[in-house]
Amino acid sequence: MACGRRVHAAMSVAAALAVYCVCVAVGPGWADDIEDARAIVFSNRDVWLNGAFLSGGVLWSPTALDDDGLLFKFLMSGGLYRYDAGDLGGERVIGSEWLVQVLPGWHIKRGTFEAKVFWGPEYQHHRLSPDDPGNTLHGGAFGLRFSTELWDEPTDKTMVAADASLSTIGGGSSARVGVGWKVLDMFYAGPEGQVYRGDGYSQWRLGAHVTSFKTGNAEWSAAGGWSVDTNNRSSPYLRLGFMQRVGGD
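My aim in this report is to walk through the structure given alongside it, one point at a time. Every value quoted in this text rests on a predicted model; they were computed, and no experiment measured them.

Turning our attention to the pairing of strand β8 (residues 173-183). Pairing of strand β7 (residues 158-167) with β8, which is carried by nine bridges, proceeds in the antiparallel orientation. Bridge pairing in β8 links Asp-163 to Arg-176. The hairpin formed by β7 and β8 contains five residues between the paired strands, and Gly-170 there has a positive phi angle of roughly 65°.

What follows is the structure in structure tokens.
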């Protein structure tokens, strides 16, 4: 049984890694940083002392991405995490997770301000070793996901970004706010704050980010800082992101 759980966990990470590799490999092949692009491929990596996750997906619009209107977001994610279970006398639990989201949404742009709002179904699958009866995240579950992304450039040298997400599965939620200043006319850099919440677990982060760093037709982001969670465990964290506009006329 324990061996099967470890295999399941390894397969979850491998699946997420495959999504990342596909997104990175396909992006430059379709590369065209053009205003009438209809899709964005993206991937993200998030690592801290007690967890590691990979995700990737596609954002698609039936018209140009910069136009107001309908959007569709498809995302796959997977990874490993660990925590101390109160119902098991503080025993260390290793969890694996993979999920799929298919989210219709809407895009609004007014000058330098952009807002994206998504609402739709998701599927999550969790495996815990050892089993934790106090954790409601067991096996597979269907639910609904709401998320929003905001971006603004108050001046030609500053930016503000925020995002939030809420799931009906296990009370999962997250939020992030970051501000930045343009450096060498190449990217934005500044502080960020984040919070993650789930069934019986919370994590807070404070760090710094680099956003909108372009290399050729790709755009990269990175962040790092310090995290503290419900179990009073603190550690550094690192987040890396990639995006590529594709599919122009």
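Taken as a whole and assessed by the stated rule, the structure comprises eleven salt bridges. Where Asp-185 meets Lys-157, a salt bridge forms, and the shortest distance between an N and an O atom there is 2.9 Å. Here Asp-185, found in the loop between β8 and β9 (187-198), pairs with Lys-157, found in the loop between β6 (139-152) and β7; they are 28 residues apart in sequence, far enough to count as distant. Asp-185 gets classed as exposed once you look at its relative accessible area, which sits at 59%. Classification of Lys-157 as partly exposed rests on a relative accessible area of 41%. Here Arg-239 makes a salt bridge to Glu-192, at a shortest N to O gap of 2.8 Å. Here Glu-192 lies in strand β9 and Arg-239 lies in strand β12 (residues 234-246), a separation of 47 residues in the sequence. One exposure class covers both Arg-239 and Glu-192, and it is buried.

The next thing to look at is the sheet that holds strand β1 (residues 39-48). Strand order in the closed barrel formed by twelve strands is β1-β2-β3-β4-β5-β6-β7-β8-β9-β10-β11-β12, and the pairing between neighbours is antiparallel. Adjacent strand axes in the sheet meet at a mean angle of 15°, parallel and antiparallel pairs treated alike.

Quick look at the side chain of Asn-50 now. Here Asn-50 is to be found in the loop between β1 and β2 (51-60). Here Arg-82 takes part through its side chain, which lies 2.7 Å from a polar atom of the side chain of Asn-50. At a separation of 3.5 Å, a polar atom in the side chain of Asn-50 contacts the side chain of Arg-233. Setting aside anything within four residues of it in sequence, one finds Asn-50 in contact with Leu-80, Tyr-81, Arg-82, Asp-229 and Arg-233.

Thresholds, definitions, all that
Residues numbered from 1 in each chain as written. Predicted model: local features only at pLDDT ≥ 70, side-chain atom pairs only at ≥ 80, totals over all residues. Heavy atoms only, no water. Pairing = 2+ DSSP bridges. Helix = DSSP H or I, 4+ residues; strand = E, 2+ residues; numbered from the N terminus. Salt bridge = Lys/Arg side-chain N within 4 Å of Asp/Glu carboxyl O. Buried < 20%, exposed > 50% of the residue type's maximum accessible area, 1.4 Å probe, protein only. Axes fitted to C-alpha atoms, helices over the stretch in contact; angles between N-to-C directions. Polar contact = N/O pair within 3.5 Å; in protein donor to acceptor, adjacent residues only side chain to side chain. Contact = heavy atoms within 4.5 Å.

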